[in-house]
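Letter by letter, the chains look like this.
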Amino acid sequence: MIATKLQSILLIMILASSLVCCSPKEPVKIGFLGGVSGRVADLGIAGRNGALLAVEMRNQAGGINGRTIELLVEDDQQDAEQAKAAVQRLIDQKVEAIVGPMTSMVAMVTVPMVNQAQIVMMSPTVSTQDLSNIDDYFFRVISSTAEYAHKSADYQISQHGISRVAVAYDMRNESYSESWLQAYKKALTAQGGEVILAEPYYSGDDVNFATLAERLLKVEPDAVLVIANSLDTAMLAQQVRKRDQRVHIATSEWAATERLSELGGNAVEGMLVSQFLDRESNNPSYLAFRQAYMDRFSMEPGFGGATAFDAMNVVLAALASKEKSQTLKQAILSQGVFVGVQSEIRFDSTGDAKRDTYMTTIHNGHFIRLR
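We now turn to the structure provided with this report. (Residues numbered from 1 in each chain as written. Predicted model: local features only at pLDDT ≥ 70, side-chain atom pairs only at ≥ 80, totals over all residues. Heavy atoms only, no water.)

1. Examining the sheet that holds strand β12 (residues 344-347)
Spatial strand order, β11-β12-β13: three strands in an open sheet with antiparallel pairing. Each edge of the open sheet is held by one strand with a lone partner, namely β11 (337-339) and β13 (353-354). Of the pairings in the sheet, the one linking β12 to β13 comprises two bridges and is antiparallel in character. Within the sheet, the bridge partner assigned to Arg-346 lies in β13 and is Lys-354. (Pairing = 2+ DSSP bridges. Helix = DSSP H or I, 4+ residues; strand = E, 2+ residues; numbered from the N terminus.)

2. A look at the packing of aromatic side chains
Scanning the entire structure with this criterion turns up eleven aromatic pairs. Arranged with centres 6.4 Å apart and planes meeting at 45°, the rings of Tyr-286 and Phe-289 form a pair that is tilted. Taken together, the positions of Tyr-286 and Phe-289, both in helix α10 (residues 284-297) and three residues apart, correspond to about one turn of that helix. With a relative accessible area of 2%, Tyr-286 lands in the buried category. A network of ring pairs unites the aromatic residues Tyr-286, Phe-289, Tyr-293, Phe-297 and Phe-309 as a single cluster. Above the plane of the ring of Tyr-137 lies Lys-329, whose end atom (NZ or CZ) is 4.8 Å from the centre. (Phe/Tyr/Trp six-rings, centres within 6.5 Å; stacked < 30°, edge-to-face > 60°. Buried < 20%, exposed > 50% of the residue type's maximum accessible area, 1.4 Å probe, protein only. Lys NZ or Arg CZ within 6 Å of the ring centre and 35° of its normal.)

Quick look at the structure:
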């Protein structure tokens, strides 16, 4: 009787052990944070798609050490409180990392949360200098605002003789726009130029872009610079062009989505923008990525899709290669250099990155590289 009971217990233990061995491994959970709804959702949607494509491709290749990757998408709605709630949900679900956010405003209110939780936040597009040179859990795969602002100012002065600039900048993404403006002012002033007017505004459906354009043009600038999202930049450019066909118009990399030319039409032709995506690149890895993205989502990836794909792949590569004794943060910093779809991503000791940047213009509705 006792022997029979022991045999039964052993049989149950063997069966239980076999079930554990044969059951699928727990997935690797990674969060995505971006604004995927609302009037300026184009950047967040591109970012989500790029991150999703990287996850799908990794899963098709076997995942990470036999574990599939599960992407948990959260919509920050470009709202501080919604963003904090979204990050808390991801933390509660014990994600290994968060890819995102896509704007500096959201990063400023959520980075303290990931620092406390000690979870890596890998942003595809946040560039504010307010998060530069800090040893924390925030990483980014692009350069800071200073890189783009300096390149823009240098090109405008050297190639177009621009010296008097009127600026409109969106305070709803204050950390980014203020950071960009200050770096631009510094570069412009160093070469004898001047920001003669800086007009802040808050993005929204109630903005009177006609009045804003009139204020900018009243000071008779050589150029109008817009530091804003693609929708606002397109609308303001249209109002500027209704009043002045000759003044130069420039914008920051934030606006450089495909939506800018779609909405702006002729008003954005010739617009100058420094950015980190070369859409004319013949790099085989970029061409392969672009085709895969278009096959999957039936649209161009733009800079948001490309950098989110890069950001997710950095996280996935570091998770796959990290030693048991390492944290994900340590694994990323120890490797330091990762391959992006167009250029290397080189992290410094605080998680800030350097990558190639380009001066571009819009010609026949397309971004064309100038240098």
